[in-house]
Amino acid sequence: MDLLALADFTLVARHGGFGRAARASGRPKATLSRRVAELEASLAIRLFERNARTLKLTEEGRALFARTGQLLTELDESVAAIAAGGERPRGTLRISAPLLFSQTAMGKLAAGFARQYPDVRLEITAEDRPVEMVEEGYDLAIRVNPEPDETLVGRIFLRDRLVVVASPGLSQPADGDTVPAIVRGGTDQGGAWAVSTTTGPSTISIRAILGLSSLVMVRDAARAGVGVARLPVSLVGRDLAAGRLSHWGDVEGSDITLWTLYPSRRLLSARVSAFLNFLKAAFPKGEPEELAAYLD
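Residues numbered from 1 in each chain as written. Predicted model: local features only at pLDDT ≥ 70, side-chain atom pairs only at ≥ 80, totals over all residues. Heavy atoms only, no water.

### Quick word on the overall build of the protein
Thought 1: Helix and strand counts for the protein come out as 10 helices and 13 strands.
Thought 2: Here the C-alpha radius of gyration of the protein, 24 Å, is well above what a compact globule of 296 residues would show, namely 19 Å.
Thought 3: Of all 296 residues assigned to the protein, the portion counted as buried reaches 42%.
Thought 4: Pairs at least 24 apart in sequence give 73% of the contacts found in the protein among residues at least 6 apart.
Thought 5: Element-wise, carbon and sulfur atoms account for 52% of the exposed surface of the protein, whose accessible area totals about 15800 Å².
Thought 6: Both charge centroids of the protein, one from 36 positive and one from 35 negative side chains, sit 6 Å from each other. (Helix = DSSP H or I, 4+ residues; strand = E, 2+ residues; numbered from the N terminus. Rg over C-alpha atoms; globule rule 2.2 N^0.38 Å. Buried < 20%, exposed > 50% of the residue type's maximum accessible area, 1.4 Å probe, protein only. Contact = heavy atoms within 4.5 Å. Areas by Shrake-Rupley, 256 points an atom, 1.4 Å probe, with all protein chains shown as cover. Lys, Arg positive; Asp, Glu negative; His and termini not counted. Charge placed at Lys NZ, Arg CZ, Asp CG, Glu CD.)

Structure below.
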């Protein structure tokens, strides 16, 4: 197989088009098109679906890109590392991270990592959707309770859990009474929250009066005293310690795990390994109290 043609195919697939790939690499668009066509001919398969306006990977093209894109990247990194005389982390590290973790912790983490590894250009996108890591060009993804994916390797780096909290001025309801609640999402939520308390299992009947899209907003509204809320320990740990919020119980079955995910392969790039080690140093035990203490 022609490795140069394979590299050109990977370049076009990563940038999503011949024109964008040509502008990014400084190579003629016609050359890239010819090289990809030659690769398709040699493999006797179509790698791209083409029309007048769009270019899309075929199923075979996605499979080839998933297997070879990262290998070629690692080959380039290995050559650069050898030329530089070592495996010092360098290059661009693209990370997808969930919104809440990004809002509360990633800014501080990114700054510390940048100081420690000045040759790495760190790019972080905050989003809760599951991303296609290879096709979208991510090196690492941080996800909450992710679904199993045989194409990815993962490890847990933090654990958390949900607790029911409220302003100290809000009284706990008597049995059978409902309490106003602040929820993430729509206010059509209701029913009861099952919790564990120091005296045993219990339920809290709620009526949602405020629906918000961010857990940070939910926490701030709970501080203001308009209702109870279910929130991660890490987000409200300092409020509980300072008496700004009261703990009404732990939500049953609410274990939260934060994972780092990366494409399945034998060798990790130096920059991905460096970031994984950096997270481990920041949260050595992986407990929610560590994240709570880390937040400003």
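Next comes the rest of the account.
### Remarks on the sheet that holds strand 7 (residues 162-166)
Thought 1: Spatial strand order, 8-10-9-12-7-11: six strands in an open sheet with mixed pairing. Edge strands, defined here as strands with exactly one partner in the open sheet, are strand 8 (178-184) and strand 11 (229-232). Looking at each pair of strands side by side, their axes are set apart by 55° on average, direction ignored.
Thought 2: One ladder, built from four bridges, connects strand 7 with strand 11; its direction is antiparallel. Paired with Leu 162 across the strands is Pro 232, a residue of strand 11.
Thought 3: Contacting strand 8, strand 10 (200-212) and strand 11, helix 7 (residues 215-223) crosses the sheet at an angle of about 125° to strand 11. (Pairing = 2+ DSSP bridges. Axes fitted to C-alpha atoms, helices over the stretch in contact; angles between N-to-C directions.)

### Focus on the packing of aromatic side chains
Thought 1: For the coordinates displayed, the defined rule picks out seven aromatic pairs.
Thought 2: For the pair Phe 9 and Phe 48, a centre-to-centre distance of 5.6 Å together with 55° between the ring planes defines the contact as tilted. Of the two residues, Phe 9 sits in helix 1 (residues 3-15) while Phe 48 sits in strand 1 (residues 48-50), which places them 39 residues apart along the sequence. Just as Phe 9 is buried, Phe 48 falls in that class too.
Thought 3: Ring centres of Phe 113 and Tyr 117 lie 4.8 Å apart, and the angle between their planes is 40°; this geometry places the pair in the tilted category.
Thought 4: The class of Phe 113 is buried, set by a relative accessible area of 0%.
Thought 5: Every member of this aromatic cluster is reached through a ring pair, and the members are Phe 113, Tyr 117, Phe 275 and Phe 278.
Thought 6: We note Arg 94 situated over the ring of Tyr 138; from NZ or CZ to the ring centre the distance is 4.4 Å. (Phe/Tyr/Trp six-rings, centres within 6.5 Å; stacked < 30°, edge-to-face > 60°. Lys NZ or Arg CZ within 6 Å of the ring centre and 35° of its normal.)

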